[in-house]
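# Close look at the chain arrangement
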Amino acid sequence: MRVIAGTARSLPLKTPEGLDTRPTTDRIKETLFNILQGDVQGSVFVDLFSGSGAIGIEALSRGARKAYFVETASRALDCIQQNLTFTKLQNRAILIKQEACSALSSIVEEAVDIIFMDPPYDKGHEKSVLAVLQNKAYVTKDTLIIIEASLDTDFSWLEELGFLLEKEKRYKTNKHMFIRKAW
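Here is a short report on the structure shown in this document. (Residues numbered from 1 in each chain as written. Predicted model: local features only at pLDDT ≥ 70, side-chain atom pairs only at ≥ 80, totals over all residues. Heavy atoms only, no water.)

## Some thoughts on helix α1 (residues 26-36)
Considered for burial, the residues of α1 that qualify are Ile 28, Lys 29, Leu 32, Phe 33 and Leu 36. For α1, the buried positions fall inside an angular range of 130° around the axis, keeping them on one side. Tucked into the core, α1 has its buried residues touching β1 (44-48), α2 (54-61), β4 (114-117), β5 (144-150) and β7 (174-181). (Buried < 20%, exposed > 50% of the residue type's maximum accessible area, 1.4 Å probe, protein only. Helix = DSSP H or I, 4+ residues; strand = E, 2+ residues; numbered from the N terminus. Arc of directions from axis to C-beta. Contact = heavy atoms within 4.5 Å.)

## Remarks on the nonpolar core
Core analysis: the biggest nonpolar cluster contains 29 residues, and Ile 115, Leu 130, Leu 133, Ile 145 and Ile 147 have the highest contact counts within it. Those elements giving two or more residues to this core turn out to be β1, β2 (66-71), α4 (100-103), β4, α5 (125-133), β5 and β7. Those residues in contact with Ile 147 that lie beyond four places of it in its chain are Met 117, Glu 126, Leu 130, Phe 155, Lys 175, His 176, Met 177 and Ile 179. Grouped together as the second largest cluster of nonpolar side chains are 26 residues, Ile 57, Leu 84, Ala 93 and Phe 116 included. (Core = buried A, V, L, I, M, F, W, Y, C linked by side-chain atoms within 4.5 Å.)

## A look at the packing of α1 against α2
At their nearest, the axes of α1 and α2 sit 11 Å apart, and the two run at 45° to each other. Considered as vectors, α1 and α2 are oriented oblique to each other. Where α1 crosses over α2, the handedness of that crossing is right-handed. Of the residues in α2, those touching α1 at Lys 29, Leu 32 and Phe 33 are Ala 54, Ile 55, Glu 58 and Ala 59. (Axes fitted to C-alpha atoms, helices over the stretch in contact; angles between N-to-C directions. Parallel < 35°, antiparallel > 145°, perpendicular 65-115°, else oblique. Left-handed = near helix turned anticlockwise from the far one by under 90°.)

See below:
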């Protein structure tokens, strides 16, 4: 796994040992950031369920102004810290060791531009996080929320929480859901 583009381009990233995380492949990460290419520069980026931190680090490498990394596992947080230090991006990163829903109250921003989450599949975390995000002032009409999920994850409940599906990108084994708050 490596940083695809930007100031840390081609630098290898460590991944936490064990089976608790499943890093997004370079190919899927590249596709995701091709979709986001005009939105990352100067953004405030939130990486929930960060794992190795590869998505948030990619955003920082591509010019995000600041990135929040939210993770509960100590091994994963150590890995994120090592990756940030190695890529020299730690000065624009904020690490939060908390469960995702609780950590959302620790984000102190007027507006967040992009929120990415890659929770454990098929456990319902997406709905819990969006239920909290619906009431956060930093989630504006311009905030893009991206959820990585298994192909069969049901999102029919989005509108009842006040969100709209803008786009869905399907891969062989998973998908990205691009969501915005309904206004």
